[in-house]
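Given next are the chains, with one letter for each unit.
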Amino acid sequence: MAERKENKDQTTSQSTDSYDGWGFDLFPERRGTYKPNLKNILFQGRGNENLERVKCERKVASCINKSPLVKIMMGALRRSGCDVNPSRHIACELCDSSVHGGYDPIMNQVVICQNTATSKGTIQGVLTHELIHMFDNCTRKLDFRNIEHLACTEIRAANLTHCGLVSSMLEGHSSFFNFRKKHQDCVKHKATISVLAVRDVTYEQAKEAVEKVFDRCYADLEPIGRRVRGKPVDFELAYAEAFLMGYD
């Protein structure tokens, strides 16, 4: 599921394996359609994709080794029988400028957008978010064409990784005085935008799907075990408490 940069009833039950419509227009390198032209090179800084990829892969490796949330997710996937091999399951690629990353359920692969996710903090957030989708696919056998399944995993990813106090306040969803009450609004907004990024549905349809499954999916904190409010101590506490979820 594509993770868009902020500034966009059940479907068929066929297998996801043959489906080719999960926001892949946002990932031209994945499609094999990206070829930089002279304009791209002269005015958009293209032509340095290999150097970008090397830098991205180094930052990914650093996050895997040092980020408490990423380590929780890697351990949870391993304990669930879905061990993550970074060279196979995590790919740095050139993406559309509107996204930071995504999860390809067909390839079971996390995409880090090397041209937009350039800081370790951003890469950590993308990795954690997309590994939650991978975890849900591993443990819950999601059908990503089912809009309710999609809405649920997007709710979980937003709830566990994105709607901390600072980001929620900056986006107008919260304040120091109403964080607990408005946190849900932030999660609903993020999940709805994420559904829109990969599904050809209206805003109303995406919002309806999110609302329908919200209570159940918002309450599901597995495998991180707590809502991270954006403070470093929250990351360390989540890592220290990982054994409570059975994924240490």
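Keep in mind the model is a prediction, meaning the values are calculated, not measured. Throughout, a residue's number is its position along its own chain's written sequence, starting from 1. Note on the predicted model: pLDDT of at least 70 is required for a residue's local features to be given, and 80 or more for side-chain atom pairs to be given and counted; whole-chain, interface and lining totals, by contrast, use all residues. Note: side-chain values were computed over all heavy atoms of the structure, leaving out hydrogens and water.

**Section: the packing of helix H7 (residues 147-161) against helix H10 (residues 203-218)**
The relative placement of two packed helices is expressed as an angle between their axes plus a distance between the axes. This is how it is decided: As a rule, the C-alpha atoms of each element are fitted with a line to give its axis, helices using only the stretch in contact, and angles between N-to-C directions run from 0 to 180 degrees. Only runs of H or I of at least four residues qualify as helices and only runs of E of at least two qualify as strands under DSSP, and these elements are numbered from the N terminus. Under this scheme an angle from 65 to 115 degrees is roughly perpendicular, one under 35 degrees roughly parallel, and one over 145 degrees roughly antiparallel; angles in between are oblique. Rotating anticlockwise by less than a right angle from the far helix to the near helix defines a left-handed crossing, while the corresponding clockwise rotation defines a right-handed one. Whether two residues touch is decided by their heavy atoms; if any such pair falls within 4.5 Å, the residues are in contact. Residue type decides the class: Asp, Glu, Lys and Arg count as charged, Ala, Val, Leu, Ile, Met, Phe, Trp, Tyr, Cys and Pro as nonpolar, and the leftover types, Gly among them, as polar.
One way to put it is that H7 packs onto H10 with a least axis distance of 8 Å and a crossing angle of 60°. As the angle between them shows, H7 and H10 are arranged oblique. Read as a crossing pair, H7 and H10 show a hand that is right-handed. Here Ile-147, Glu-148, Ala-151, Cys-152, Ile-155, Arg-156 and Asn-159 of H7 come into contact with H10, specifically with Gln-205, Ala-209, Val-210, Lys-212, Val-213, Phe-214, Arg-216, Cys-217 and Tyr-218. Here the contact of H7 with H10 is built from residues that sort into 10 nonpolar, 2 polar and 4 charged.

**Some details on the environment of Pro-68**
Relative to the helices and strands, Pro-68 is located in helix H4 (residues 68-79). A sequence separation of 168 residues divides Pro-68 from Glu-236, and the C-alpha atoms of the two residues are 6.2 Å apart. Aside from chain neighbours lying at most four places away, what touches Pro-68 is Phe-235, Glu-236 and Tyr-239.

**Some points on the confidence of the model for the protein**
The following threshold applies: Confidence of the predictor at the level of single residues is given by pLDDT, which spans 0 to 100.
Confidence along the protein averages 81 in pLDDT terms, with 75% of residues attaining 70 or more. Within the protein, helix H8 (residues 165-170) has the poorest average pLDDT of any element, 44, and H10 the best, 97. Here residues 7-19 is modelled with pLDDT under 50, and outside its nearest four sequence neighbours on either side it reaches 27 contacts, counting other chains as well. Low pLDDT, under 50, characterises residues 166-174; the stretch is placed with 19 contacts to residues that sit more than four places away or in other chains.

**A short note on the nonpolar core**
In plain terms, the rule: By nonpolar core we mean a set of buried residues, namely Ala, Val, Leu, Ile, Met, Phe, Trp, Tyr and Cys, connected to one another through side-chain atoms within 4.5 Å. Note on exposure labels: buried denotes an accessible area under 20% of the residue type's maximum, exposed denotes more than 50%, and partly exposed covers the range between, all computed with a 1.4 Å probe on protein chains only.
In terms of nonpolar packing, the biggest core is built from 60 residues, with Val-60, Ile-112, Leu-127, Leu-131, Ile-155 and Ile-224 touching the most fellow members. Residues within four places of Ile-155 in sequence aside, it is in contact with Val-187, Ala-191, Val-210, Val-213, Phe-214, Cys-217 and Tyr-218. If you look at the next biggest cluster of nonpolar residues, it comprises 6 residues, including Phe-27, Cys-95, Val-99 and Val-111.

**Points about the state of the cysteines**
Counted only if it meets this: By definition, disulfides here are pairs of cysteine sulfur atoms that lie within 2.5 Å.
Summed over all chains, the structure comprises 5 disulfides. Summary of cysteine pairing: Cys-63 is not part of a disulfide, and the nearest cysteine sulfur, belonging to Cys-56, is at 9.4 Å. Residue class for Cys-63 comes out buried when judged on its relative accessible area of 4%.

**Focus on the packing of H4 against helix H6 (residues 120-140)**
Running from N to C, H4 and H6 cross one another at 20°; their axes reach a closest spacing of 9 Å. Relative to H6, the element H4 lies roughly parallel. When the axes of H4 and H6 are compared, the crossing they make is left-handed. For the pair H4 and H6, the contacting residues are Leu-69, Val-70, Met-73, Met-74, Ala-76 and Leu-77 in the first and Gln-124, Leu-127, Thr-128, Leu-131, Ile-132, Met-134, Phe-135 and Cys-138 in the second. For the contact of H4 with H6, the class distribution of residues is 12 nonpolar, 2 polar and no charged.

**What to know about the environment of Ile-224**
Along the polypeptide, Ile-224 turns up in the loop between H10 and helix H11 (232-240). Linking Ile-224 and Leu-160, residues 64 residues apart in sequence, is a C-alpha distance of 7.2 Å. Those residues in contact with Ile-224 that sit more than four places away from it in its chain are Leu-69, Ile-72, Met-73, Thr-128, Ile-132, Leu-160 and Ala-238.

**Concerning the pattern of salt bridges**
Basically, it comes down to this: Salt bridge criterion: a side-chain nitrogen from Lys or Arg within 4 Å of a carboxyl oxygen from Asp or Glu.
A full pass over the atoms with the stated rule returns 8 salt bridges. A salt bridge links Asp-220 to Arg-140; its shortest N-O distance comes to 2.6 Å. Separated by 80 residues along the polypeptide, Asp-220 in the loop between H10 and H11 and Arg-140 in helix H6 bring together distant segments of the chain. For Arg-140, a relative accessible area of 30% corresponds to the partly exposed category. Across the salt bridge formed by Glu-148 and Lys-212, the nearest N and O atoms sit 3.1 Å from each other. Pair noted here: Glu-148 is in helix H7 and Lys-212 is in helix H10, with a separation of 64 residues, a long-range link. Of the residues examined, Glu-148 reaches a relative accessible area of 17% and is grouped as buried. On the basis of relative accessible area, Lys-212 is assigned to the exposed category, the value being 58%. Among the charged side chains, a salt-bridge network with shared partners connects Asp-136, Arg-140, Arg-156, Asp-220 and Glu-222.

**So, the pairing of strand S4 (residues 109-113)**
Our working rule: DSSP calls a pair of strands paired once it identifies at least 2 bridges connecting them.
The buried fraction of S4 is high, at 5 of 5 residues. Here 4 bridges tie strand S2 (residues 90-93) to S4, and the two strands are oriented parallel to one another. The partner of Glu-93 across the bridge, within S4, is Cys-113. In terms of strand pairing, strand S3 (residues 99-104) meets S4 through 4 bridges, oriented antiparallel. Residue pairing across strands places Gly-102 opposite Val-111, the latter belonging to S4. The turn linking S3 back onto S4 is made up of 4 residues, and Asn-108 within it adopts a positive phi angle of 50°.

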